[in-house]
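Here are the chains, one letter per residue:
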Amino acid sequence: MGTGERNQEAHVSEGSGATPPRTLAEALRTRDDASLAALLRARPDLLSPVPGDVSQLATRAGTRASVVRALERLDRFALQTAEALAVAPDPAPYEALRALMTGDEGDPAVEAALPGAVAALREQALLWGDDDRLRLVRTARELLAPSPAHPSPTGLGPTVAEATAGMSPGRWQETLAAAGLPPTHDPVSAVTALAALFNDRTRMSALLDTAPPEALMVLERLVWGPPYGEVTSDPAPPVRWLRDRGLLLPTSLRTVVLPREAALHLRAGRAHRAPEPVPPAVVPLGEHSSRVVDGTAAGQAYTALSTVEGLLKDWNEGGPAVLRSGGLSVRDLKRTAAALDVPEHTAAFWIELAYAAGLLASDGEAAERYAATPAYDEWLDLPPQDRWTRLAAAWLHATRTAGLVGSQDTKGRVLAALGPDLDRSAAPEVRRRVLGLLAALPEGAVPAPEQVLARLRWERPLRGAGAGAGGTGSSTGTPGDLRSRIALWTLTEAELLGVTGRGALSSHGRALLATGATAPATGAEDAAAAARAAGLLAPLIPEPLDHVLLQADLTAVAPGPLRRPLADTLDVLADVESKGGATVYRFTPASVRRALDAGRAASDLHAFLAEHSRTPVPQPLSYLIDDVARKHGHLRVGAASAYVRCDDDAMLGEILADKRSQPLGLRRLAPTVLAAQADPAALLEGLRTMGFAPAAESAAGDVLITRAHSYRTPPRTAPAPVPEGPPAPDDTLLGAALRAIRAGDMASTAVRKETPAAASGTGTTAPGELPRTTSAETLATVQAAALTGSAVWIGYVNADGAASQRVIAPVRVEGGFVTAYDHTADEVRTYPLHRITGVAELADSP
């Protein structure tokens, strides 16, 4: 959401007219429940665990890790506003912030967006205080303020006071004299005088009018940062002129810095060279009709289904082995890419997609390998549109990032497909945001990728500042920062998957986004979105065909997707020669023999082809089937260690005479039987290589039918996405957390009456300490509170020895126990009286 879309109420005091808050805790304490809920929703890490009171909440909101995470979620203009506050006086009035953001000349766009940026910083508890005393959280100021080790994004350097710490009085008087200022009696007044000169536009302009042109050129090089420069022991006259007048202040023997006040004058008061109050626009680069987009996307969606099915069919009898370090070897990835006829990076995407959808996993055996899961068989039985929505939803929510395959991690190791180091928690958010930007365009509009990347960098500038956890850059020339690379991969993968068509978001892809582009949907919303997407995709998917076109060159052309029984039979009877809009199958002796080995008779194959061909069965194909069938099973191979038997002894003599049979170790046992030293499988393969068509037989002499079996892993669940920090809290958790924080705050801030011990001078209760009273005083006080229905403040030590303060309203006191409503825990509890360290009445009962 851009800055201009936020709440524009900037001039609202956090104290709502009350005493201005002195700390962040006091500022948070004045917020209502809706405002605190918004803070906890924006920064869910504050709820791990639930703070005991508002003071704990404020402390946790100011920790470095939490502040860094909050800053990373700011858009560019809100971050620029925070950077300006980091170089402004602390506290800073709103007008001083506005002057830093707009400069002396003003900027209507910045002025219009600035209240929203301030409101966003306040909502995230990075900024507190009234508009006349704006305070950046100390940790945020430390992170964003300029320092030699960590230059400010504004390019500004230290103030005059910071840069001149430790300067000798003599040097101070020389500087003041050169700048035309009267001498002072102490360094503090000298700092004030020099800073006042630099802040005075008229006097500063007059001073710079006397500067040599070369000195002004030096200032131009430093004004927008970095503000530090190196000098020699004998600097050039222009540098000496600037140094003598304090326009360059020494930070070491060879380093000088342009002080912040002087730089702001040269910048005309601007903290940033180019404030960006408005997000970069994403405009259409081209447009297609929605019909063309949906048709293209639907065709690609069906191709995606066929590709995933082809991948798992290729691994049907057990896929490649799992590397010792986890993942798929480079050789197996290349082989899979060749089998799918796609580039290796595309094959990695399909493999990772099947894994994310739970269709593929490792079997967990000693010789571990990859194979389809039982969920794959269930997936095959679904209608095409439901199969697609399952794949698309898995891709949208997966943190595994296939684009990283082949790149290197921070230790120089190559990341493998299905390996353990491909999870990137930012991936789902980036995918959803990219598709959201496409959804915001008119239907059929195609955006420029550069504009999409520019928008993402504006929305999360700190997230796009480096390569993140993704290791080194990509070998494909994509940008180095992780979010931009994921965004480009998203555009490519969405096209492969059929979410987009010709670069524009399809209607079923738009429906898949469910609640939009800002946050993950609930399970029910995801299911409803998948149903809507499936309903829109179903009419666009081509109807499976029940026929092929047989041709005289021993090929069959499938002009479209085939029904499953027909496709399965053709996969056995023929080899796929080419894929695309039409699939071409080729019949060979080996493929026909494969069908006969699977238990099909020649008559079955003739009937099958005649039934499913729209053209007459070509005579060469009929001859091929009959010729292979005539030879098939004429030779029989069994285990002797292996043997060959045949009723035609002349054929056995021919085999023995063939030199290619020598490695098999054949010898004649009888006129119709040959014995072999090779095992039956090797004997079968050897005879087939010689051009024969043997059939294997069992110990009983029956022909063995060798159908391909399907190897499956044990039941496996799809890999769970790796969350980016704590999950966003739901309304139930938020409500309970708010009640606990409010109750704990009541216990820690409740005004107490003076205890009897303190009144008599025998003891006192300092703030934060547990009250101390005798057993008799404790019993009397809680009994009186139970009778009057009032609340009291107690100190309590539980069975583990942990001490706490609580505000309770006693209901019943008996048997050494007090039953009371605990305002801190927001529930009725029973406390042993011997564990209550002391009790005090509240000055004002809740």
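Residues numbered from 1 in each chain as written. Predicted model: local features only at pLDDT ≥ 70, side-chain atom pairs only at ≥ 80, totals over all residues. Heavy atoms only, no water.

Undergrad: Help me out: how do you make sense of the overall build of the chain in this one?
TA: A count of helices and strands for the chain gives 34 helices and 25 strands. Per-residue burial over the chain gives 48% buried out of 846 residues. Pairs at least 24 apart in sequence give 65% of the contacts found in the chain among residues at least 6 apart. (Helix = DSSP H or I, 4+ residues; strand = E, 2+ residues; numbered from the N terminus. Buried < 20%, exposed > 50% of the residue type's maximum accessible area, 1.4 Å probe, protein only. Contact = heavy atoms within 4.5 Å.)

Undergrad: Could you clarify how one ought to interpret the packing of aromatic side chains in this entry?
TA: Describing an aromatic ring pair means giving the distance of the ring centres and the angle of the ring planes. One pass over the structure, following the stated rule, counts 4 aromatic pairs. Ring centres of F349 and W350 lie 5.0 Å apart, and the angle between their planes is 55 degrees; this geometry places the pair in the tilted category. For the pair shown, F349 and W350 are each scored as buried. The lysine or arginine in question, R387, covers the ring of W379, its NZ or CZ lying 5.4 Å from the ring centre. (Phe/Tyr/Trp six-rings, centres within 6.5 Å; stacked < 30°, edge-to-face > 60°. Lys NZ or Arg CZ within 6 Å of the ring centre and 35° of its normal.)

Undergrad: Sorry, what's going on with a negative patch on the surface here?
TA: Residues D647, D648, D649 and E654 make up a contiguous surface patch of negative charge. Assignment of secondary structure puts D647 in the loop between β17 (642–645) and α30 (649–657). The exposed category is assigned to D647, whose relative accessible area is 71%. (Patch = residues over 30% accessible without salt bridge, like charges linked within 9 Å, V, L, I, M, F, W, Y side chains within 5 Å. Areas by Shrake-Rupley, 256 points an atom, 1.4 Å probe, with all protein chains shown as cover. Salt bridge = Lys/Arg side-chain N within 4 Å of Asp/Glu carboxyl O. Lys, Arg positive; Asp, Glu negative; His and termini not counted. Charge placed at Lys NZ, Arg CZ, Asp CG, Glu CD.)

Undergrad: Mind showing me how you'd approach the pattern of salt bridges here?
TA: If the charged atoms of two oppositely charged side chains come close together, the side chains can form a pair. This structure, assessed with the given rule, holds 38 salt bridges. One salt bridge connects D107 with R270, and the closest N-O pair in it is separated by 3.7 Å. Taken together, the residues D107 in the loop between α6 (94–102) and α7 (108–123) and R270 in the loop between α15 (260–266) and β6 (284–287) connect sequence positions 163 residues apart. An identical accessibility class is assigned to D107 and R270; each is buried. With a closest N to O distance of 3.2 Å, R455 and E459 form a salt bridge. Placement of both R455 and E459 in helix α22 (residues 449–459) is noted, with a separation of 4 residues, approximately one turn of the helix. Of the residues examined, E459 reaches a relative accessible area of 7% and is grouped as buried.

Undergrad: Can you help me understand the environment of R60 in this one?
TA: Within the fold, R60 resides in helix α3 (residues 54–61). Through-space distance from the C-alpha of R60 to that of L46 is 6.4 Å; in sequence the pair is 14 residues apart. Once you skip the residues sitting within four places of it in the chain, R60 turns out to touch D45, L46, L47, S48, P49, V50, P51 and S66.

Undergrad: Sorry, what's going on with empty space enclosed by the protein here?
TA: By rolling a water-sized probe across the atoms, one finds the places where empty space is left. Taken as a whole and judged by the stated rule, the model has 1 cavity of 30 Å³ or more. Roughly 90 Å³ of internal volume is contained in the largest cavity. Lining the largest cavity are F349, E352, L353, A356, A394, W395, A398, R400, A402, R431 and E493. Listing elements by their share of the lining of the largest cavity, those giving two or more residues are α18 (344–356) and α20 (384–397). The element contributing the most residues to the lining of the largest cavity is α18, with 4 residues. Along the lines of polarity and charge, the residues of the lining of the largest cavity split into 7 nonpolar, no polar and 4 charged. (1 Å grid on protein atoms, 1.4 Å probe; cavity = no way out; pocket = protein on both sides within 12 Å on 5 of 7 lines; lining within 4 Å. Points joined across faces, edges and corners; volume = space filled by probe spheres on them. Nonpolar A, V, L, I, M, F, W, Y, C, P; charged D, E, K, R; others polar.)

Undergrad: For this particular structure, what's the right way to read the sheet that holds strand β12 (residues 549–551)?
TA: Sheets are built from strands paired through backbone hydrogen bonds, the pairs being either parallel or antiparallel. With antiparallel pairing, the 4 strands of this open sheet are ordered in space as β12-β13-β15-β14. The sheet is open, and its two edges are formed by β12 and β14 (575–578), each paired on a single side. Looking at each pair of strands side by side, their axes are set apart by 30 degrees on average, direction ignored. Inspection of the sheet shows β14 paired to strand β15 (residues 583–586) by 3 bridges, in the antiparallel sense. Within β15, the position partnered with V576 by the bridge is Y585. (Pairing = 2+ DSSP bridges. Axes fitted to C-alpha atoms, helices over the stretch in contact; angles between N-to-C directions.)

Undergrad: Before we go on, may I ask you to explain the environment of E429 in this structure?
TA: The residue E429 is located in helix α21 (residues 427–439) in this model. Given the relative accessible area of 23%, E429 is considered partly exposed. When the C-alpha positions of E429 and I486 are compared, they lie 10.0 Å apart, and in sequence the two are 57 residues distant. In this structure E429 touches R73, R460, R463, R483 and E724, once residues within four positions along its chain are discounted.

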